[in-house]
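In case you want the letters, here they are:
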Amino acid sequence: MTITAIKFTMHIKKLSVLPLLLCLAGAAQGVTFDEAFGASQKGDYETAYKAYKILADQGDFKSQFNLGVMYEYGLNVQQSYVEAVAWYRLAANQKYPQAQHMLGMKYQKGSGVEQSFKEAVKWQRLAADQGYAPAQQSLGVLYVNGQGVPEDLKQAAELFGLAANQNYVEAQYNLGVMYYMGKGVAQSYEQAVKWYRLAATSHYTNAQYNLGACYFNGHGVPQDNVRSYMWWSTAAANGDSNANNDRETLEKKMSPEQIAEAKQLVKECKANNFKNCN
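The sections below set out a description of the structure shown in this document. Everything numeric in this text was worked out from a predicted model, so none of it was measured.

### Describing the overall build of the protein chain
1) Next: Across its full length, the protein chain carries 14 helices and 2 strands.
2) Next: Here the protein chain holds 278 residues, and 50% of them are scored as buried.
3) Next: When contacts within the protein chain are restricted to residue pairs at least 6 apart in sequence, those whose partners lie at least 24 apart make up 53%.
4) Next: Carbon together with sulfur atoms contributes 47% to the accessible area of the protein chain, which is approximately 12800 Å² in total.

### Brief notes about the packing of helix α5 (residues 97-109) against helix α6 (residues 117-128)
1) Next: Where α5 contacts α6, the axes come no closer than 8 Å and their chain directions differ by 160 degrees. Looking at the two axes, α5 sits roughly antiparallel to α6. As α5 runs across α6, the sense of the crossing is left-handed. In this structure, α5 contributes Pro97, Gln100, His101, Leu103, Gly104, Met105, Tyr107 and Gln108 to the contact, and α6 contributes Phe117, Glu119, Ala120, Trp123, Gln124, Leu126 and Ala127.

### Topic: the packing of helix α7 (residues 133-145) against helix α8 (residues 153-164)
The geometry of a pair of packed helices is captured by two quantities: the angle between their axes and the separation between those axes.
1) Next: Interaxial distance between α7 and α8 falls to 8 Å at its minimum, and their mutual angle equals 165 degrees. It follows from the interaxial angle that α7 and α8 lie roughly antiparallel. Judged by the twist between their axes, the crossing of α7 over α8 is left-handed. Contacts from Ala133, Gln136, Gln137, Leu139, Gly140, Val141, Tyr143 and Val144 of α7 reach α8 at Leu153, Gln155, Ala156, Leu159, Phe160, Leu162 and Ala163.
2) Next: Here the residues of the contact of α7 with α8 are counted per class, giving 11 nonpolar, 4 polar and no charged.

Criteria and thresholds
Residues numbered from 1 in each chain as written. Predicted model: local features only at pLDDT ≥ 70, side-chain atom pairs only at ≥ 80, totals over all residues. Heavy atoms only, no water. Helix = DSSP H or I, 4+ residues; strand = E, 2+ residues; numbered from the N terminus. Buried < 20%, exposed > 50% of the residue type's maximum accessible area, 1.4 Å probe, protein only. Contact = heavy atoms within 4.5 Å. Areas by Shrake-Rupley, 256 points an atom, 1.4 Å probe, with all protein chains shown as cover. Axes fitted to C-alpha atoms, helices over the stretch in contact; angles between N-to-C directions. Parallel < 35°, antiparallel > 145°, perpendicular 65-115°, else oblique. Left-handed = near helix turned anticlockwise from the far one by under 90°. Nonpolar A, V, L, I, M, F, W, Y, C, P; charged D, E, K, R; others polar.

As structure tokens, this is what we get:
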């Protein structure tokens, strides 16, 4: 029986909008970050924009960053990566790690600026050195791909580890892949399973698939078709076609009792939000 190989995907997560619009109490010309943030939460981006703009023009780096987010996603303004970059840069030059990271991402993708992996590395490193997990993850990806820096899997694994220990799910998954493949770290299925499980229970689909594959192959855990089926079912429900195909293949080797047990585990895990789900 042939099962799809373990996935080795260095993922860069698309950031959601509202969490980037950070709240900071402060006042200037009668406006505060609390007011701006409250307006953005209600979808009143016109009010939010006006408040952020007043503070940004006075040099406040967090409002500059938030304006960059608004231009990034076209919130009450015409969407413009060029304008987003301009505001990110102002905040990044004041050593704000979130802005440094986002500016680095713009250089990585060539959005609003000419693509430059060298510049991407520069800004991601500045943010990573401040302990910012998304930047540590992104810098790790650059080391894996040898973009803007020489390929260095050991350095990549170290960066993924720093972010993974801050519960950054993409880094947990990537670190699991590194351990599974023995890339930049001593090969260890047990460590791979540890990090896959942390990411899988945080609803990360690729980790759910890989964890299912580990149970199927008996890598780092006792071989267990029931739990393999459970994790592949979970990944399939999240749209993973490989998980769906492999689950269907596996099902032919299982008894009706095993299938029923696996389906019950899926229900229990979801009901408990994947807490204590083994």
